Amino acid sequence: MRNPEIILNNLIANSKKSEYRFQRLYRNLFNEEFFLIAYGKLAPNSGNLTEGISKETIDGFKLEKITKLIEDLKNERYQPKPVKRIYIPKKNGKQRPLGIPTFEDKLVQEVVRMLLEAIYEGKFSNQSHGFRPNRSCHTALKQIQHNFIGSKWFIEGDICSFFDTIDHHIMIQVLRKQIDDERFIRLIWKFLRAGYLEEWKFHKTYSGMPQGGIISPILSNIYLNELDSYMNKYRSEFNSGKRRKRNPEYEHLKAKMDYLQQKINKLEMNSNQRHELILQFKALKKQRSTLPSVNFFDPEFKRLSYTRYADDFIIGVIGSKEEALAIKYDIETFLRKELHIELSADKTLITHSSNTAKFLGYHLTVSRDTSVKKNKNGKKMRPYNGKCLLFIPKENWVNKLKELGAMKIEKNGVWKPVHRGYLLQLSDIEILSIYNAEIRGFYNYYQLANNMNVLNKFMYFMKYSMYKTFAGKYNSSIAKIAGKYIHSGLFCVSYRTKNGKKTRTLYHHKFKKSDTPIKNSSVDGLPNTLIYRGRTELTQRLLANQCEWCGSTEGKMEVHHIKKLKDLKGKSAWERKMIARNRKTMVLCESCHKKLHAGKLD
C-alpha cells in the first residue's frame, strides 16, 4: 500500500489545477495505513467513549475491525448506522441537535475527511474561517478589522438551521464538480442518508447533516464555498473607484494654510504680523484636524468586504443603504435558488456602522473618533477614524458569570458574587485550577477586544465567588479564607507532586489587548500533511501485538481506553500501571481485557 502522506500530497498538488477532476479516490479506503492514522487521531478524544446507537465505542478497538471495514468497503457492503440524536443547550435557551455516530462510522468518516481536506482546502476562499486548519474565530475577526475599515453599513448574515436544511442533491452536485468517482460519491450519499435514532425511533434524513459527524464540517464548507465564490465575484463587480475624492472643505483649509505659510516665511522672526499669522495658521490647523481628508459620501467610491465563519457571515459596505439592501436581497435570492437554504429574517440585519453589529460573540462598530495622536515615530495622525473596533458585550460577561453560577442578581438589582456548591467536594487545587481555566478561557477568546478593562469586573466576581466557595467548603468566612491563603497579595494553594511541594496562584496578570490571533491568520490555504505522517505511539503499540499486562503475543489484541487519567484512583494494579506510564490506553489480549471489565484482572 502507498504511503498516505504521498497520496495526500498528490491530491494537494492536483487540487491546484483548476480543471482537474479527481478519480479513483475510493480505492484509498482499502489502505490500512489510512485507518491506522485515523484511529491515532481519534483516540485522544474522550468523546469516542460515548456510545452511538450500538454499545460499541473506541474501547476494545482491534486491527480486525479495520480488516472487516476494508472488506465491506471493497464489496460496497458497508452501510453507515443511523446516528444517535441528543440535544445540547444553546445560549439563547433553545436546544441544538447533536448526532453521535458509531465509532466504526467515525473511523471511515475520518479517512474520508482527510481525502476531502486534501482536495478542497487549497480551493476554499480566504474569507472562510470555520472548521479549517490554522483558522479560528480570531482569524475571522482580525480579517474584519483589516478589511472593514471605513465601512458604512454592516450586513449580519444568519442561515436558518443550516446543518438541518442542507440539500443532499445539491451537495452531491457540488462534489461532482471536482470528484469523478461514483463509488466515493455513493459513500458520501450513504452518510447523508443514514438517518438518526431519537428515543429509539428511527427517522429518515432527506436533508441536512448531523452536527457531530466527522465529515459534517468539511462538507458544510464545501457547500458554502459556493456562497464564498458568489460573493468574491459579486465584490469584484460592486467595487468601484481607486480612492475617495478629497474633501473640498479640507482642501480649502489646506490651501489657506499653505498661503499663510508662505507669508510667514517671508516675514522677520520677531515681527508682530508674523506672530499673528502663526496664530491664524494654528487655528486653521486645529479646524482642519476635525475634518475628514476625503469625502466619505463619494458616490463613485464603493467597497464590499465579506467574512464567513461556518454558517454565519458578515458584510461591510461602503455605499448607500439602498445598495446594502440590494446586496442582502441578491444574497437571499442566490441562497434560495442555488443552494436551497434561507436567511433568517429576524437575524439577518442591516446596521449602520456607527451602531454595533454582532458577530462571533463580539460587538463591531466603525470609529468616528477624529482625535489626533502621535504614533511611535512621533508623527501626528488620527489613529481611530474609520477603524473597525471590537467590543466585549456586557451581556456576554454577565451571562458567563451566571452560567458558571459565580454571580446572581438580586430582586433589587444588586449583583452579588456567590459560592458554587457543586465545587465544594473538590480539593483546593482543583477548585483553584477550575477558576483559573475559566478566567483564562474567557480572556483568551476576548483578547482582541478594544474594551479589555471590562474583564476587571468579570475578574472581581470570579475572585470573590472563589473566596465564597472556599469559605463554604470550610464553613468559614471570606476574611479567614483570605488570611489563610493570601500571601504577598496573591491567593495561593500548595499541593504535593512527585517532585515535591508546589504552589499555584489565582490568575493575577493584567488583561492586555492582543493584536495576535490565537491561530495564525496568514496561512497558505493548503493543509499541513505533516499531521498525517507516520504512525502514532499508540498504533505502534497495537501493531506490536503484545499484551501490556500478561506479555502474551498469541491471539488478537484490543485497546482499553479511559476518558481521563484522573478518573483512575490507583486501587487496582492495572490502574497504577496506567498512572505510572501516564497513558489513557493499554493494549491487552482478549482474555485480559475481559478480566479488566469484570474486575478480575488483579
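Predicted model, so just to flag it, every value in this text is computed and none were measured.

Caption draft 1: Spotlight on the overall build of the protein chain. Counting its secondary structure elements, the protein chain contains 19 helices and 20 strands. By principal-axis analysis of the C-alpha atoms, the protein chain measures approximately 105 × 70 × 50 Å. The buried share among the 602 residues of the protein chain stands at 47%. Once local pairs closer than 6 in sequence are excluded, the contacts in the protein chain between residues at least 24 apart make up 72%. Carbon and sulfur atoms make up 50% of the accessible area of the protein chain, which totals about 31,700 Å². Seen as two clouds, the 108 positive and the 61 negative side-chain charges of the protein chain have centres 8 Å apart.

Caption draft 2: Focus on the packing of helix α2 (residues 32–42) against helix α4 (residues 103–120). Relative orientation of the contacting elements α2 and α4 amounts to 110°, with a least axis distance of 9 Å. Relative to α4, the element α2 is oriented roughly perpendicular. Of the residues in α4, those in contact with Phe34, Phe35, Ile37, Ala38, Tyr39, Lys41 and Leu42 of α2 are Phe103, Lys106, Leu107, Val108, Glu110, Val111, Arg113, Met114 and Leu115. Here the contact of α2 with α4 is built from residues that sort into twelve nonpolar, no polar and four charged.

Caption draft 3: Fine view of the packing of aromatic side chains. Scanning the model with the defined rule gives 31 aromatic pairs in all. When the ring of Tyr39 is compared with that of Phe103, the centres are 6.4 Å apart and the planes differ by 85°; the resulting orientation is edge-to-face. You can see Tyr39 sitting in helix α2 and its partner Phe103 sitting in helix α4, a full 64 residues away along the chain. For the pair shown, Tyr39 and Phe103 are each scored as buried. Considering the side-chain rings of Tyr443 and Phe511, the 5.3 Å spacing of their centres and the 65° angle between planes classify their relative orientation as edge-to-face. Within this pair, whereas Tyr443 is found in helix α14 (residues 428–445), its partner Phe511 is found in the loop between β18 (500–505) and α17 (537–543), the two being separated by 68 residues in sequence.

Caption draft 4: Region of interest: the pattern of salt bridges. In the structure shown here, the tally under the stated rule is 28 salt bridges. Between Asp258 and Lys254 there is a salt bridge, with its nearest N and O atoms 3.5 Å apart. In this pair, Asp258 and Lys254 both sit in helix α10 (residues 248–266), four residues apart, roughly one turn of the helix. Classification of Asp258 as partly exposed rests on a relative accessible area of 40%. The partner of Arg583 in a salt bridge is Glu548, and the shortest N-O contact between them spans 4.0 Å. With Arg583 in the loop between α18 (573–581) and β20 (585–589) and Glu548 in the loop between α17 and β19 (557–561), this pair connects stretches of sequence that are 35 residues apart. Ionic contacts of the salt-bridge type, sharing partners, join the residues Glu537, Arg541, Glu548 and Arg583 into one network.

Caption draft 5: Spotlight on the sheet that holds strand β7 (residues 312–318). Taking strand neighbours across the sheet as the criterion, the four strands line up as β6-β7-β3-β8 in an open arrangement whose pairing is antiparallel. Either end of the sheet is taken by a strand with one partner, and the two such strands are β6 (303–309) and β8 (349–352). Between one strand axis and the next, the sheet turns by 20° as a mean value, whatever way the strands run. The sheet contact formed by strand β3 (residues 153–158) and β7 spans six bridges and is antiparallel.

Caption draft 6: How the structure looks around the environment of Cys137. Locating Cys137 in the fold gives a position in helix α5 (residues 137–147). Distance in space between the C-alpha atoms of Cys137 and Tyr309 is 7.1 Å, their sequence separation being 172 residues. Non-local contacts of Cys137, meaning those with residues more than four positions away in its chain, are made with Tyr309, Leu360 and Tyr445.

Caption draft 7: Region of the structure containing the state of the cysteines. Counted by the stated rule, this structure contains zero disulfides. Looking at the unpaired Cys388, the closest cysteine sulfur is the one in Cys137, lying at 15 Å. Considering cysteine sulfurs only, Cys589 is the nearest to Cys592, which forms no disulfide, with 3.5 Å between them. Residue classification places Cys592 among the buried residues on the basis of a relative accessible area of 6%.

Caption draft 8: Fine view of the packing of helix α13 (residues 394–404) against helix α15 (residues 454–473). Two elements in contact, α13 and α15, have axes separated by 10 Å at closest approach and are oriented at 15°. By the angle between their directions, the pair α13 and α15 is classed as roughly parallel. At the point where α13 passes α15, the crossing takes the right-handed sense. For the pair α13 and α15, contact is made by Trp397, Lys400, Leu401 and Leu404 and by Val454, Lys457, Phe458, Phe461 and Met462, respectively. Within the contact of α13 with α15, the residues separate by chemical class into seven nonpolar, no polar and two charged.

Caption draft 9: Examining a positive patch on the surface more closely. A contiguous patch of positive charge, built from Lys563, Lys564, Lys566, Lys569, Lys571 and Lys584, is present on the exposed surface. Within the secondary structure, Lys571 is located in the loop between β19 and α18.

Caption draft 10: Spotlight on the sheet that holds strand β10 (residues 362–366). One open sheet accounts for three strands, arranged β9-β10-β13; its pairing is antiparallel. Because the sheet does not close on itself, it has two edges, and the strands there are β9 (357–359) and β13 (388–391). In this sheet, neighbouring strand axes are inclined to one another by 35° on average, regardless of whether the strands run parallel or antiparallel. Sheet topology note: the β9/β10 ladder contains three bridges and is antiparallel. Across the sheet, residue Lys358 finds its bridge partner in β10, namely His363.

What counts as what
- Per chain, residue numbering runs from 1 following the sequence as it is written.
- The model is predicted, so local features are restricted to residues of pLDDT at least 70 and side-chain atom pairs to those at 80 or more, both for listing and for counting; the totals for chains, interfaces and linings are taken over all residues.
- The basis for every side-chain value is the complete set of non-hydrogen atoms in the structure, without hydrogens or water.
- Strands here mean DSSP runs of E at least two residues long; helices mean DSSP runs of H or I at least four residues long; both are numbered from the N terminus.
- Classification of residues uses two cut-offs on accessible area relative to the type maximum, computed with a 1.4 Å probe and protein chains only: under 20% is buried, over 50% is exposed, and between them is partly exposed.
- Contacts between residues were defined by any pair of non-hydrogen atoms, one from each residue, lying within 4.5 Å.
- Here the open area of atoms and residues is found with the Shrake-Rupley method and a 1.4 Å probe, where only the protein chains shown may cover a residue.
- Asp and Glu are treated as the negative residues and Lys and Arg as the positive ones, with His and the ends of the chain left uncounted.
- To locate a charge, take NZ of a lysine, CZ of an arginine, CG of an aspartate or CD of a glutamate.
- The axes are straight lines fitted to the C-alpha atoms, using for helices just the contacting stretch, and the angles between their N-to-C directions are given from 0 to 180°.
- Should an angle lie under 35 degrees it is considered roughly parallel, over 145 roughly antiparallel, and from 65 to 115 roughly perpendicular; all remaining angles are considered oblique.
- For this classification, Asp, Glu, Lys and Arg are treated as charged, while Ala, Val, Leu, Ile, Met, Phe, Trp, Tyr, Cys and Pro are nonpolar and the rest, including Gly, are polar.
- Between 30 and 60 degrees the pair is tilted, below 30 it is stacked and above 60 it is edge-to-face, where a pair is any two Phe, Tyr or Trp rings, Trp via its six-membered ring, whose centres lie within 6.5 Å.
- Any carboxyl oxygen of Asp or Glu within 4 Å of a side-chain nitrogen of Lys or Arg constitutes a salt bridge here.
- DSSP bridges decide pairing: two strands pair if at least two such bridges lie between them.
- Any cysteine sulfur atom paired with another within 2.5 Å is treated as part of a disulfide.
- By convention the crossing between two helices is left-handed if the near helix lies anticlockwise of the far one by an angle smaller than a right angle, and right-handed if it lies clockwise.
- Patch membership is restricted to residues that have no salt bridge and whose relative accessible area is over 30%. Joining uses 9 Å for like charges and 5 Å for the nonpolar side chains Val, Leu, Ile, Met, Phe, Trp and Tyr.

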